[in-house]
Amino acid sequence: MTFRPTHALTRGIPATFATALVQAPHAGPPIDVERARAQHAAYVAALEGLGLAVAVLPPDDAHPDACFVEDCAVIAAGRALLTRPGAPSRLGEVQAIATALAPRLPVTAMEGPATLDGGDVLRSGDRLYVGRSGRTNPAGVAALRATFEGAGLAVVEVPVAGMLHLKCAASALDAETLLVAEGAFPAGTFADRRVIAIPAAEAYAANVVVVGRTALVADGHPHTRAALEAHGYEVVALDVSEIRKADGSLTCLSILFGAG
Ligand code: CIR
């Protein structure tokens, strides 16, 4: 059964967002924080337009990356695993997420030395793919297994190289189907899943938020839009230029949950 979220947890863009972590400096103008805030507001409105109840936590100026809530918790099978993000500067982001989630569902916390970023966890039906990236270590993968394998989810490791997180180049459309950028992962990685491939040049757009048959997609990726529309999805394109400058994409900005 395809997971259909009913709620989203998000967090506002901090005043310090221009100092968010980046893998490599970006060419062009620096992050425009006010523009990032407008893009974030449009994202929240788009989630609400999909029928989700959206909570927006206040920004945390002490943590420039705190708007990327996805990295702080993994929710599946009616439970939440609070992570320990792999960047030390992000560890302090988790407490606010814990406080927000604890009244809603059972929560367990990862313990050191485990690290895991939620951006490395891709739910696909009864499977959790987990990227072994620079942010997610073997103890983090073990914690994911310990939390979710008893709940009927199989945990499958995927090597991640040349990108920040697994979901930088792949996301789930439904319980069997993944949207994946060509060449981003070793051949056969998603062998028993239906894969809709998009060109490597549009890899950034492989990260989509899907609710039912609607996909939120980063603006300016015509091949991805066409591929999704050809498979019956309605595409809502969002301008996320400033989010992208901080190495963020669409899924990073929310934690979705609901039945399943
Ligand atoms: C970081 O480097 O941690 C942030 N600047 C970007 C995090 C993006 N998160 C995600 O893809 N899940």
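Model, not experiment: these values are computed from the prediction.

1. Thoughts on helix 4 (residues 222-230)
Since the α-helix turns once every 3.6 residues, residues separated by three or four places project in the same direction.
So, point 1. By the burial criterion, the buried members of helix 4 are Thr224, Ala227 and Leu228. Mapping the buried residues of helix 4 onto a view down its axis gives an arc of 95 degrees, with all of them on the same face. Every exposed residue of helix 4 that faces more than 90 degrees away from the buried side is listed here: Pro222 and Ala230.

2. Side note on the site of the ligand
So, point 1. In the neighbourhood of the ligand, 13 residues make up the surrounding shell, with Asp65, Glu70, Arg135, Ala246 and Cys252 lying closest.
So, point 2. At 2.6 Å from a nitrogen atom of the ligand is found a side-chain nitrogen or oxygen belonging to Asp65.

3. Quick look at the pattern of salt bridges
So, point 1. The final tally for this structure, using the stated rule, is 15 salt bridges.
So, point 2. Two residues, Glu157 and Arg145, come together in a salt bridge whose shortest N-O distance is 3.9 Å. Within this pair, whereas Glu157 is found in strand 8 (residues 154-159), its partner Arg145 is found in helix 3 (residues 138-148), the two being separated by 12 residues in sequence.
So, point 3. Under the relative-accessibility criterion, Arg145 is labelled partly exposed at 29%.
So, point 4. A salt bridge links Arg225 to Glu229; the shortest N-O distance between them is 2.9 Å. You can see Arg225 and its partner Glu229 sitting in helix 4, 4 residues apart, about one turn around the helix.
So, point 5. Residue classification places Arg225 among the partly exposed positions, given a relative accessible area of 34%.

4. Focus: the pairing of strand 7 (residues 127-132)
So, point 1. Counting buried positions along strand 7 gives 5 out of 6 residues, so the element sits mostly inside the fold.
So, point 2. In this sheet, strand 7 lies alongside strand 6 (residues 121-124) in antiparallel orientation, the contact comprising 4 bridges. Bridged to Arg123 within strand 7 is Leu128.
So, point 3. In the sheet, strand 7 pairs with strand 8 via 6 bridges, with the strands oriented parallel. Counted as the bridge partner of Val130 is Glu157 from strand 8.

5. Concerning the sheet that holds strand 3 (residues 73-76)
So, point 1. Judged by pairing direction, the sheet is mixed, and its 3 strands sit side by side in the order 3-4-5 without closing on themselves. If you trace the sheet from one side to the other, it starts and ends with strand 3 and strand 5 (107-109), each paired once. Direction aside, neighbouring strands of the sheet carry axes that sit 20 degrees apart on average.
So, point 2. Where strand 4 (residues 79-82) meets strand 5, 3 bridges bridge the pair, whose relative direction is parallel. Within strand 5, the position partnered with Leu81 by the bridge is Thr108.
So, point 3. Contacts from helix 2 (residues 94-101) reach strand 3, strand 4 and strand 5 within the one sheet, and its direction differs from that of strand 4 by about 165 degrees.
So, point 4. In the packing of helix 3 onto the sheet, contacts are made with strand 3, strand 4 and strand 5, and the angle to strand 4 comes to roughly 160 degrees.

6. Considerations on the packing of aromatic side chains
So, point 1. Within the structure shown, the criterion is met by 3 aromatic pairs.
So, point 2. A ring pair is formed by Tyr129 and Phe190, whose centres lie 4.9 Å apart and whose planes are at 85 degrees; its orientation type is edge-to-face. Taken together, the residues Tyr129 in strand 7 and Phe190 in the loop between strand 10 (177-181) and strand 11 (194-198) connect sequence positions 61 residues apart.
So, point 3. Pairing Phe185 with Phe190 gives two aromatic rings, centres 5.5 Å apart and planes at 80 degrees, and the pair type is edge-to-face. Just as Phe185 is buried, Phe190 falls in that class too.
So, point 4. The rings of Tyr129, Phe185 and Phe190 are connected pair by pair, giving a single aromatic cluster.
So, point 5. One cation-aromatic arrangement involves Arg213 over Tyr233; the distance from NZ or CZ to the ring centre is 4.1 Å.

7. What to know about the sheet that holds strand 10
Each strand in a sheet pairs with its neighbour through backbone hydrogen bonds, running either in the same direction (parallel) or in the opposite one (antiparallel).
So, point 1. Spatially, 9-10-11 is the arrangement adopted by the 3 strands of the open sheet, whose pairing is mixed. Looking at the sheet topology across the chains shown, the edges are occupied by strand 9 (170-172) and strand 11. Between one strand axis and the next, the sheet turns by 20 degrees as a mean value, whatever way the strands run.
So, point 2. Both strand 9 and strand 10 contribute to a ladder of 3 bridges, which runs antiparallel. Counterpart to Ala170 in the pairing with strand 10 is Val180.

The rules behind the values
Residues numbered from 1 in each chain as written. Predicted model: local features only at pLDDT ≥ 70, side-chain atom pairs only at ≥ 80, totals over all residues. Heavy atoms only, no water. Buried < 20%, exposed > 50% of the residue type's maximum accessible area, 1.4 Å probe, protein only. Helix = DSSP H or I, 4+ residues; strand = E, 2+ residues; numbered from the N terminus. Arc of directions from axis to C-beta. Near = heavy atom within 4 Å. Polar contact = N/O pair within 3.5 Å; in protein donor to acceptor, adjacent residues only side chain to side chain. Salt bridge = Lys/Arg side-chain N within 4 Å of Asp/Glu carboxyl O. Pairing = 2+ DSSP bridges. Axes fitted to C-alpha atoms, helices over the stretch in contact; angles between N-to-C directions. Contact = heavy atoms within 4.5 Å. Phe/Tyr/Trp six-rings, centres within 6.5 Å; stacked < 30°, edge-to-face > 60°. Lys NZ or Arg CZ within 6 Å of the ring centre and 35° of its normal.

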